[in-house]
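# Geometric and topological summary
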Amino acid sequence: MPNRKLNPSSIVNIEDLRTMAERRVPRSVFDYLDGGADAEVTLAENCRAFRETTFRPRGGVAVYNCKTTVSVLGYEIAFPAILAPVSYIRLMHADGEAGVARAAGQAGTIYTLPTISGHKLEDVKAASTGPLWYQVYLIGGRQAAEGAIDRARRAGYSALVLTLDTPLAGKRERDPRNGMKELLAPALLPKARFLPNILAHPRWLASFLLDGGVPKLGNVVVPGKGPMDLVDVGAALSHAGASWEDLRWIREMWPGPIVAKGLLTGDDARRAVDEGAQAVVVSNHGGRQLDCVSAPLHALPEVVEAVGGQVEVLMDGGVRRGSDIAKAICLGARAVLIGRAYAYGLAAAGEAGVARAIQILKDDLDLTLTLLGCASIDQLDATYLGAAHRR
Ligand code: FNR
């Protein structure tokens, strides 16, 4: 699929990119990205929490070109949104993780490469001009993870993100209905039931085939076995949950910062600090793991209070607008991570779509700061939110 320049007057917000993505990739791929676990209560709640959080702007303050740069784990980024690890994205567009990394680097922010990546971590590093983090799953066991962590260190990744909310993958009910697993199967027969939907997207299919079909997992090399097949990831994930012991184990071998991702309570955040993490991500995995848990925006104040400034607190889940970023900062996040917002862009239009998603959020945030009457992102705090959110 060639990258097309996106028309800024028709792609105005992230929802426009989502709609475009829905048209451009097969249902199985779109639903894998768009869906959540069980009844998708948490998926919806993540966004609702932002919508229901009101602002309390300052009048009579005309501030322009407000400061949006923040420092995260020692890196100054252009605005407080980091690209979250999103697995399987090379299936959404052949630009894949390399394209995402390029777009993030050009926008002056960090991309977190997932273990489940269609491009090898060295190739992504070579494509990028910005800082990269590497997200660790223990698929393939500790030996495979150790190999990847060592490669990440040598390639120059600046932090590791350990995901702690995935002892098993959540029950994402759209996937079996729409054939995500069948898409990954090497033979044609399992795909048969879903072929009409795949064939309905000839441009996607041509690009997918030209890109070599289902990629191998170059980051997961099981000693003696070579890179894992993508189709085996589901089974491998079923015994790859990371524990506090694993965090300690990684702490011993990795010299740089560790980010503990997927926590929703003050107690867990404190534990992450005690085990040696330098940052935590308040997250419910974008509503894809346990359903009916709190929205990260609601869990954020408890975590901020619990860690008391000892580590940097990040959050993700439901960020679709620049104003959402401002709300998370008001409640004490140093920065947010975005997942679907940029992945819709990739599925819609490759690297250009990711760049558009980032630009939309950045422009929205600039405007929000001006309309709030806040000259610098550092000055945002709970006094800029409605009474329900101030304590
Ligand atoms: C994810 N997420 C995720 N997280 C992680 O730690 N490792 C991973 O491999 C993945 N894979 C993944 C795939 C897809 C399709 C999605 C949508 C999400 C979770 C991700 O990092 C992040 O926590 C959420 O996406 C944040 O929510 P929003 O921004 O998508 O609402």
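Being a predicted model, the structure only gives us computed values, none of them experimental.

## Quick notes on the overall build of the chain
Helix and strand content of the chain: 16 helices and twelve strands. Compactness check: the chain gives a C-alpha radius of gyration of 20 Å against a globular reference of 21 Å for 391 residues, within 12% of the reference. C-alpha atoms of the chain, sized along the principal axes, occupy 65 × 50 × 40 Å. Here the chain holds 391 residues, and 54% of them are scored as buried. Summarising the internal contacts of the chain: among those between residues at least 6 apart in sequence, 71% fall at separations of at least 24.

## Section: the packing of helix α4 (residues 96–107) against helix α16 (residues 340–372)
Running from N to C, α4 and α16 cross one another at 15 degrees; their axes reach a closest spacing of 8 Å. In this view, α4 runs roughly parallel relative to α16, as classed from their interaxial angle. For the element pair α4 and α16, the recorded crossing hand is left-handed. Residue-level contacts link G99, V100, R102, A103, Q106 and A107 of α4 to Y342, L346, G350, E351, V354, A355 and I358 of α16. Among the residues making up the contact of α4 with α16, the classes are represented as eight nonpolar, three polar and two charged.

## Examining the site of the ligand
What surrounds the ligand is a group of 25 residues, the closest being A84, S87, G286, G339 and R340. Sorting the residues of the shell around the ligand by element identifies α2 (27–34), β12 (335–338) and α16 as the ones contributing at least two each. For the shell around the ligand, the residue count by class is eleven nonpolar, ten polar and four charged.

## Examining the nonpolar core
Side chains of a nonpolar character, in soluble globular proteins, are inclined to be buried together. Residues L160, V280, V336 and A347 are the most contacted members of the largest nonpolar core, which totals 131 residues. Here this core gets 18 residues from one element, more than from any other, and that element is α16. A347 has contacts with A21, R24, V25, V29, F30, L33, M92 and H93, leaving out every residue within four places of it along the chain.

Conventions adopted
Residues numbered from 1 in each chain as written. Predicted model: local features only at pLDDT ≥ 70, side-chain atom pairs only at ≥ 80, totals over all residues. Helix = DSSP H or I, 4+ residues; strand = E, 2+ residues; numbered from the N terminus. Rg over C-alpha atoms; globule rule 2.2 N^0.38 Å. Buried ≥ 20, exposed ≤ 12 C-beta atoms within 10 Å, placed from the backbone. Contact = placed C-beta atoms within 7 Å. Axes fitted to C-alpha atoms, helices over the stretch in contact; angles between N-to-C directions. Parallel < 35°, antiparallel > 145°, perpendicular 65-115°, else oblique. Left-handed = near helix turned anticlockwise from the far one by under 90°. Nonpolar A, V, L, I, M, F, W, Y, C, P; charged D, E, K, R; others polar. Near = placed C-beta within 6 Å. Core = buried A, V, L, I, M, F, W, Y, C linked by C-beta atoms within 7 Å.

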